[in-house]
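# Overview (structure and organization)
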Amino acid sequence: MGSAYGLVGGKVGLLAYTRHQLNDNVRAGGGETLPSTEGTRGSHLFKISVLEQDGHSLWASAERNTNEGGYLRANMPWQTNNATQALDDQLTTRDTLSLRHRYRPKGNDLIDLQTTVYTNDSQIELYGPNPTGGSRGGLWLTRSSGGDIRNTFNVSTGHWVHALTVGLDHFKDNGISDSPADPRLSETATNTGLYLQDRIEIENIRLSAGVRVDRYRTRYANAYRTEGTETSPNFSAEWDLLDSGSADLTVFAGVGQSIRGGKLNQAGWLTKYFLPPSYTVARPFTLSRNGILNPEVGQQKQWGVKWHDHGVLTEGDHAGAEIAFFNTRIKDYQVVPGEGAGGVTDTIFNAPGNITSRGFEIRSHWGTQQWLVNATYSHSTVRNYDGQPMDTTGDSARVGVSVGDRLVLDTRWKLSPQWQLGHTFTAVKQLKDVPAGRPEKPGYSVHGLQAVWLPQGNDSLTVTLGVDNLFDKFYAHHATTRVTQASTTATAVKGRVYATPEPGRRVKVALDWRF
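This section reports on the structure supplied with the text. These numbers come from a predicted model, not from an experiment. (Residues numbered from 1 in each chain as written. Predicted model: local features only at pLDDT ≥ 70, side-chain atom pairs only at ≥ 80, totals over all residues. Heavy atoms only, no water.)

## Concerning the overall build of the chain
Helices and strands together make up the secondary structure of the chain, namely 1 helix and 28 strands. For 515 residues, the compact-globule estimate of 2.2 N^0.38 gives 24 Å, and the chain sits close to it at 26 Å. Along the three orthogonal principal directions, the C-alpha set of the chain runs to about 70 × 55 × 50 Å. Across the 515 residues that make up the chain, the buried fraction comes to 34%. The contacts of the chain with a sequence gap of at least 6 include a subset with a gap of at least 24, amounting to 59%. For the chain, the exposed area adds up to about 28000 Å²; of that, 57% sits on carbon and sulfur atoms. For the chain, the distance from the average site of its 52 positive side-chain charges to the average site of its 51 negative ones is 4 Å. (Helix = DSSP H or I, 4+ residues; strand = E, 2+ residues; numbered from the N terminus. Rg over C-alpha atoms; globule rule 2.2 N^0.38 Å. Buried < 20%, exposed > 50% of the residue type's maximum accessible area, 1.4 Å probe, protein only. Contact = heavy atoms within 4.5 Å. Areas by Shrake-Rupley, 256 points an atom, 1.4 Å probe, with all protein chains shown as cover. Lys, Arg positive; Asp, Glu negative; His and termini not counted. Charge placed at Lys NZ, Arg CZ, Asp CG, Glu CD.)

## Quick notes on the pattern of salt bridges
All told, the structure shown has 21 salt bridges when counted by the stated rule. Taking the shortest distance from any N to any O, the salt bridge between Glu238 and Arg206 comes out at 3.0 Å. Of this pair, Glu238 sits in strand β11 (residues 225-243) while Arg206 sits in strand β10 (residues 205-219); the two residues are 32 residues apart in sequence, bridging distant segments of the chain. As a salt-bridge pair, Glu227 and Arg215 come within 2.5 Å of each other at their nearest N and O atoms. Of this pair, Glu227 sits in strand β11 while Arg215 sits in strand β10, and the two are 12 residues apart along the sequence. Among the residues examined, Arg215 registers a relative accessible area of 38% and is labelled partly exposed. (Salt bridge = Lys/Arg side-chain N within 4 Å of Asp/Glu carboxyl O.)

## Quick word on the packing of aromatic side chains
Tallied over the entire structure, the rule returns 10 aromatic pairs. Feature note: the residues Tyr224, Tyr273, Phe274 and Phe285 constitute an aromatic cluster, connected by ring pairs. One cation-aromatic arrangement involves Arg100 over Trp59; the distance from NZ or CZ to the ring centre is 4.4 Å. Positioned over the ring face of Trp269 is Lys272, at 5.5 Å from the centre of the ring. (Phe/Tyr/Trp six-rings, centres within 6.5 Å; stacked < 30°, edge-to-face > 60°. Lys NZ or Arg CZ within 6 Å of the ring centre and 35° of its normal.)

## Quick word on the side chain of Thr93
As for its position among the elements, Thr93 is in strand β5 (residues 89-103). When near neighbours in sequence (up to four residues on either side) are disregarded, Thr93 contacts Arg64, Asn65, Thr66, Asp121, Ser122 and Gln123.

## Overview of the nonpolar core
Counting residues in each nonpolar core, the largest one holds 11 residues, listed as Leu185, Tyr220, Ala221, Leu270, Tyr273, Phe274, Phe285, Leu287, Leu293, Val336 and Ile348. Excluding its chain neighbours within four sequence positions, the residues that come into contact with Ile348 are Tyr220, Tyr273, Phe285, Thr286, Leu287, Ser288, Leu293, Val335 and Val336. Among the nonpolar cores identified, the runner-up in size contains 8 residues, and Tyr333, Val335, Phe349 and Val382 belong to it. (Core = buried A, V, L, I, M, F, W, Y, C linked by side-chain atoms within 4.5 Å.)

## Some points on a positive patch on the surface
A surface patch of positive charge is lined by Lys301, Arg329, Lys331 and Arg358. The topology assignment puts Arg329 in strand β17 (residues 318-331). Look at Arg329 and you get partly exposed, because its relative accessible area is 33%. (Patch = residues over 30% accessible without salt bridge, like charges linked within 9 Å, V, L, I, M, F, W, Y side chains within 5 Å.)

## Focus: the environment of Gly457
With respect to the secondary-structure elements, Gly457 resides in the loop between β24 (444-453) and β25 (461-468). Every residue in contact with Gly457, bar those within four places of it in the chain, is listed here: Pro417 and Gln418.

This is the structure in structure tokens:
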């Protein structure tokens, strides 16, 4: 891993970053080795920045990320399908190009013009022998491109300060199936949005109100189409109830709406629209149950209170706390059948019920010049459109997943200008709120340590030593796939629940040199 940054002529910045990671099979807590988890990852970035040239600034970047094997391949517990996993070689690649320009002339508050364009190609390649014979060759690609142009007008009228943004954006997503043994298939989704957002400050009150109009169009691989126009408003407010210079108390609330038109099928599922073996003749197909496919509509609500003060426990300290509640609902979720090797996509329809997510998060901190303690507690209840808790199987696995309550306690201690120590404790509560017939998810807790050495007393040279999963605990995240084994095999026992565990104790060393 390495990175370099340089400034040319005081105006042009250059950044280069590269990272290449090789890992053997993952070792879980307690010593178990997980087959088929070895892999290679790469990340490469080059960025150039031209800042403040007569009001103009420019940023351009190129990035590539690759991932071959590793946990990508181990998406199911190895005991349940090891023969397939061991030969299921996968390579994912993501290439991103972006260009951003900003024009903000001095002395003119009515012009803050920003323009962004981008392309993003994400592909997965499946290769290697097939356990049932032949080759498992396959290539699936999602190609995205788009742009955004906006201007912000900054206006003051008495006690009112406005930042009014008007903009237009557009994107195009193209899903492509290009497997050697099948015909090349593709489908396309486009969206053009016009939006307006006004952010207003009135002394100790901050308001934001806006509206967005989207025009969407989707062409599926079997030539069916859907299109439409939708309007989405939003509004939020913050009110400083107390602003004494030492203590701050703020309440906040917001509501908003967003839409998604006809979403694309998975690129690897495009053959499921067609009849085998040639995949050139489309299956009988129904677009929605009444012939009209509605866009998905997300409705978000959030409200809460935050507080910050100084001199709470000792002179010179600071402390703060925040609690935020949220309630999100997705209406007209678009169901795309096709799960499993024999699954077919012979319809796309709007779900009869709503997907909901409700919960809260509490954040707090306390610190001095030597100590900093952060604590976070989160709770959420997620329901699928059939009213059942979200799970990592079936259709709901592609929407979200229910997880147990989570507590994170992070402590940092500055011993001297050269040394800092840290400890992170993470605890997740057992989850009993699962769909009927599905296994409960055990709770777990893990510890991590960190030591940072700054030989020169500043960040010009930093050496970091970290230990994750300090006590080598065997556990699995609640978001990972869990399988109840249906029959006894050489690697799995009937009735037992299997899940892919997280790595055991890991020691990390990092060196950061800035010059």
